[in-house]
Amino acid sequence: MVKVAVLPGDGVGPEIIQAAKVVLKKVEQVFGIELQLKEGAFGGVGYETYGVPFPEETKKLVEESQAVLLGAVGGTQWDALPRHLRPESALLALRKELGLYCNIRPVKYYEVLAEKVAWKSELLTGVDLLIFRELTGGAYFGTKGRKEKEAFDTIQYSWEEVERLVRRGFATANKRKRILHSIDKANVLESSRLWREVVNQVALEYPYVKVEHLYVDNAALQLVVNPQQFDVIITENMFGDILSDLAAAIGGSLGMLPSASLGGEINLYEPAHGSAPDLAGQNKANPIAAILSLALLLRFTCRKEEAAQAVEKATEEILGAGCATEDIASKNSRVVGTREMAELIAQRVDRNLF
Ligand code: NAD
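Residues numbered from 1 in each chain as written. Predicted model: local features only at pLDDT ≥ 70, side-chain atom pairs only at ≥ 80, totals over all residues. Heavy atoms only, no water.

1. Side note on the overall build of the protein
Part 1 of the argument: Helix and strand content of the protein: twelve helices and 14 strands.
Part 2 of the argument: Computed over its C-alpha atoms, the radius of gyration of the protein comes to 20 Å, within 12% of the 20 Å expected for a compact globule of 354 residues.
Part 3 of the argument: Oriented by its inertia axes, the alpha-carbon framework of the protein measures out at about 50 × 50 × 40 Å.
Part 4 of the argument: Taking all 354 residues of the protein together, 53% fall into the buried category.
Part 5 of the argument: Pairs at least 24 apart in sequence give 76% of the contacts found in the protein among residues at least 6 apart.
Part 6 of the argument: Carbon and sulfur atoms make up 50% of the accessible area of the protein, which totals about 16200 Å². (Helix = DSSP H or I, 4+ residues; strand = E, 2+ residues; numbered from the N terminus. Rg over C-alpha atoms; globule rule 2.2 N^0.38 Å. Buried < 20%, exposed > 50% of the residue type's maximum accessible area, 1.4 Å probe, protein only. Contact = heavy atoms within 4.5 Å. Areas by Shrake-Rupley, 256 points an atom, 1.4 Å probe, with all protein chains shown as cover.)

2. Observations concerning helix 1 (residues 13-31)
Part 1 of the argument: With 19 residues, helix 1 should reach 27 Å at 1.5 Å per residue; the first-to-last C-alpha distance of 26 Å fits that figure.
Part 2 of the argument: Residues of helix 1 that are buried: Gly13, Glu15, Ile16, Ile17, Ala19, Ala20, Val23, Leu24, Lys26, Val27, Glu28 and Phe31.
Part 3 of the argument: Within two residues after helix 1, Gly32 carries a phi angle of roughly 60°, on the positive side. (Expected span 1.5 Å × (residues − 1).)

3. Structural notes on the pairing of strand 2 (residues 35-39)
Part 1 of the argument: Both strand 1 (residues 2-9) and strand 2 contribute to a ladder of five bridges, which runs parallel. Bridging from a neighbouring strand, Ala5 pairs with Lys38 of strand 2. (Pairing = 2+ DSSP bridges.)

4. Describing the site of the ligand
Part 1 of the argument: In the vicinity of the ligand, 19 residues are found, and the nearest of them are Glu88, Gly274, Ala276, Asp278 and Asn286.
Part 2 of the argument: At a separation of 3.2 Å, a nitrogen atom of the ligand approaches a polar side-chain atom of His273.
Part 3 of the argument: Contact between the ligand and Gly274: an oxygen atom at 2.7 Å from a main-chain N or O atom of the residue.
Part 4 of the argument: Looking at the shell around the ligand, its residues break down into eight nonpolar, seven polar and four charged. (Near = heavy atom within 4 Å. Polar contact = N/O pair within 3.5 Å; in protein donor to acceptor, adjacent residues only side chain to side chain. Nonpolar A, V, L, I, M, F, W, Y, C, P; charged D, E, K, R; others polar.)

5. Side note on the layout of surface pockets
Part 1 of the argument: Its volume calculated, the largest pocket comes out at about 1000 Å³.
Part 2 of the argument: Leu130, Arg176, Arg299, Phe300 and Glu305 are, among the 37 residues lining the largest pocket, the residues nearest its centre.
Part 3 of the argument: Looking at the lining of the largest pocket, the elements with two or more residues in it are strand 4 (102-108), strand 5 (128-134), helix 6 (159-175), strand 11 (258-262), helix 10 (288-300) and helix 11 (305-320).
Part 4 of the argument: Counted by class, the lining of the largest pocket contains 14 nonpolar, eight polar and 15 charged residues.
Part 5 of the argument: Each of domain 1 (1-101 + 255-354) and domain 2 (118-251) accounts for three or more of the residues forming the lining of the largest pocket.
Part 6 of the argument: Along its surface, the second largest pocket is lined by 28 residues, and Leu91, Leu92, Arg95, Leu135 and Glu270 are the ones closest to its centre.
Part 7 of the argument: The leading source of residues in the lining of the second largest pocket is helix 4 (residues 87-98), at five residues.
Part 8 of the argument: Within the lining of the second largest pocket, the residues separate by chemical class into twelve nonpolar, nine polar and seven charged. (1 Å grid on protein atoms, 1.4 Å probe; cavity = no way out; pocket = protein on both sides within 12 Å on 5 of 7 lines; lining within 4 Å. Points joined across faces, edges and corners; volume = space filled by probe spheres on them. Domains from an automatic or database assignment.)

6. Regarding the packing of helix 8 (residues 216-225) against helix 9 (residues 237-248)
Part 1 of the argument: Close contact between helix 8 and helix 9 brings their axes to 10 Å; oriented N to C, the two are set at 10°. With respect to helix 9, the axis of helix 8 lies roughly parallel. Along the contact surface, helix 8 presents Val216, Ala219, Ala220, Leu223 and Val224, while helix 9 presents Phe239, Leu243, Leu246 and Ala247.
Part 2 of the argument: Residue composition of the contact of helix 8 with helix 9, by class: nine nonpolar, no polar and no charged. (Axes fitted to C-alpha atoms, helices over the stretch in contact; angles between N-to-C directions. Parallel < 35°, antiparallel > 145°, perpendicular 65-115°, else oblique.)

Written out as structure tokens, the structure reads:
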């Protein structure tokens, strides 16, 4: 049985995690699977209960699990605390502890949210892409230095660091449309030349995957003018950080964007948004990012592809039927709250949706 540490966190975290649990309950019934969920205090709640944002009890719970499903952390009431006691420091510690080197951000365009997206609809129809971002190397973690009016950050990657991310990208591309875009800046950066060598080497094992190398500046342009050409994108840390936020605009709301961070034994699944304190406790938060993060957990940790797709398909159908939380509502929507959205999606989860 897959053990999952559930860390609802702060703000809207508990509401959206509860919503994901409602959907999971239905998935378990329909697909005959069972997950063992245990909740832990994390973030501001951890600080209030145990005096630290990442309590020992929660660390132990995480260590005994195969996956973590996280809501969100943070809130203004903890902003004045010293940095190591702030809720966000727990998140950084968790990511570091788990050695999560592969961040996956799916970006899907839902026709029904056309009004919420700045792009022209015809450019986006069918867009359903995955960005694989290397998460533990590159400029954010390389040697840094500051000398009065001079400063530097180093982008450094080993072959192994690149290869493990690249392999995950190829394996996924091979199961999807067999199109892989590798983003680098190999015309000027040595680290990108290494990146490209690794990609070309791994490509030999995947003769049916069509590989395209793009420079990051062109990739940013292409994501805006022709996002339909992409399916799986692989890239290093900083380029991935920027491109995944650019592509996120296609989703229509922060409340629509799930994420998975994979690495060693324990993987982390969480919505891309924060704790949205402005919505907390009002049954207004969009639970879809959390529900789609659950779908990623079913796919990547439980290896239940059919169940993952059922959740994604049910979500799409409910959106297509015009149900929307406030953040994604347009004039013809039927506006629903967090709980009702979860119940509607759960009811729609079915083996026979395909
Ligand atoms: P945020 O993502 O919480 O909110 C930004 C805006 O998006 C707000 O208007 C909010 O109402 C809206 N929004 C976010 N999630 C939504 C949802 N599910 N449904 C509908 N609308 C949603 O970012 P912020 O306001 O910059 O930060 C708030 C707190 O969250 C801060 O304490 C910050 O440090 C923390 N934070 C945590 C994480 C995390 O836990 N991973 C990430 C980012 C920010």
